[in-house]
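The residues making up each chain are set out below.
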Amino acid sequence: MTGTTGTLVLAGTPIGDVADAPPRLAAELETADVVAAEDTRRLRRLTQALGVHTTGRVVSYFEGNEAARTPELVEALTGGARVLLVTDAGMPSVSDPGYRLVAAAVEKDIRVTAVPGPSAVLTALALSALPVDRFCFEGFLPRKAGERLGRLREVAAERRTMVFFESPHRIGDTLAAMAETLGTDRRAAVCRELTKTYEEVKRGPLGELAAWAADGVRGEITVVVEGAADTGPGELDAAELVRRVRVREEAGERRKEAIAAVAAEAGLPKREVFDAVVAAKNAARTGPEEGKGLS
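Residues numbered from 1 in each chain as written. Predicted model: local features only at pLDDT ≥ 70, side-chain atom pairs only at ≥ 80, totals over all residues. Heavy atoms only, no water.

Turning our attention to the sheet that holds strand 6 (residues 135–140). Read from one edge to the other, the open sheet built from 5 strands follows the order 6-7-10-8-9, with strand pairing classed as mixed. Each edge of the open sheet is held by one strand with a lone partner, namely strand 6 and strand 9 (200–205). For this sheet the average axis-to-axis angle between neighbouring strands, irrespective of direction, equals 15°. Two elements, strand 7 (residues 161–166) and strand 10 (residues 221–225), share 5 bridges in a ladder whose sense is antiparallel. What sits directly across from F165, in strand 10, is T222. Taken strand by strand, helix 8 (residues 206–213) contacts strand 8 (187–192), strand 9 and strand 10, and its axis lies near 130° from that of strand 9. (Pairing = 2+ DSSP bridges. Helix = DSSP H or I, 4+ residues; strand = E, 2+ residues; numbered from the N terminus. Axes fitted to C-alpha atoms, helices over the stretch in contact; angles between N-to-C directions. Contact = heavy atoms within 4.5 Å.)

Following this line, the structure appears as C-alpha cells:
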C-alpha cells in the first residue's frame, strides 16, 4: 500500500464457463490488497480454477453485511489500498452487492475502475432475437403476487425491450403474470444456464412460455421481453382496454382510477374506456365468450 488514496476495482466474473474470465481478473486477484467477495467459498473455487493465489486480505461482502462492511472498505481505500470487489457471477452492482460501496468511494473522491467481464443481461439480449437497439434492465420482480402485478403494470407500456432476472421456483408464476399483464402474444425469451453445459434459450409468446414453465424450470434464469407496440391514440381495441383495466384493478386500483389511467395511456376519452368496460360486463352476464375479464 502507498500513502495515497487507493483504488476500488469492480471485476466481472464468469456467469458460467470459467474460461470466459477476463485475463485482467487473474492479475487483479493476485495483486489486490483487499478482495471483497460476495461468497468467499465461490471465490476460492474461482481462484483454484484460474490457477491464481490471492495475496491480499479476503473479506466477505454480501447483502447481509454490505452496510456494516462498507465503512471498513472505504477506510482501507483512503489508506491507499487497492480493493477488488467480485460477486458470485457477472458485474458487481448489477442486481448484486456493490452500489453502496461505489457511492461511498465516489463521495470520498476515491478512484473507481472496472475489469469488464461476462454479463447475463447483455448475453441474454444478444440471444433473444428481440430488438436490442433500446433496452432497459428491471432486475428481479417483487416476490409477492400483488406487488409483482403492480410492477408489471408499471412497465406494460414500456416500448424498450426489457430484461428481468428470476429464480427457478418463481419463473412459472412470473411468466403467467407477464402473460396476463403484458399480453399472451407479447414475444419473449427465457434464457437458462447461460454459457453453462445445459444452456437453453426458449423463445415464443408469453402465453406459450408460461405454459412451458408451469411445471418448473431449473437453473439461473434471465427473461427478455419485447417492448410494447408503438400504437397511436385510439389504436387499442376494446378487449385490450378491458384487459388493462382488469390488470390495474387486480393490482389494487379502484375501477374509476383504473379507467382514467388506461384512458390516459391510450390517448382516449375516459368515456370510451368506460363504455368498453360496461360492454364487457354486460357480455359476461349473457355469454361466456365475449365477456371475459370483468364482473
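Let's pick the thread back up.
Mapped onto the fold, R248 is located in helix 9 (residues 238–250). Judged by its relative accessible area of 11%, R248 is buried. Taking the C-alpha atoms as reference, R248 lies 8.3 Å from L149; in sequence the two are 99 residues apart. When sequence neighbours within four positions are dropped, the list of residues in contact with R248 reads R153, E253, A258, A261, V262 and E265. (Buried < 20%, exposed > 50% of the residue type's maximum accessible area, 1.4 Å probe, protein only.)

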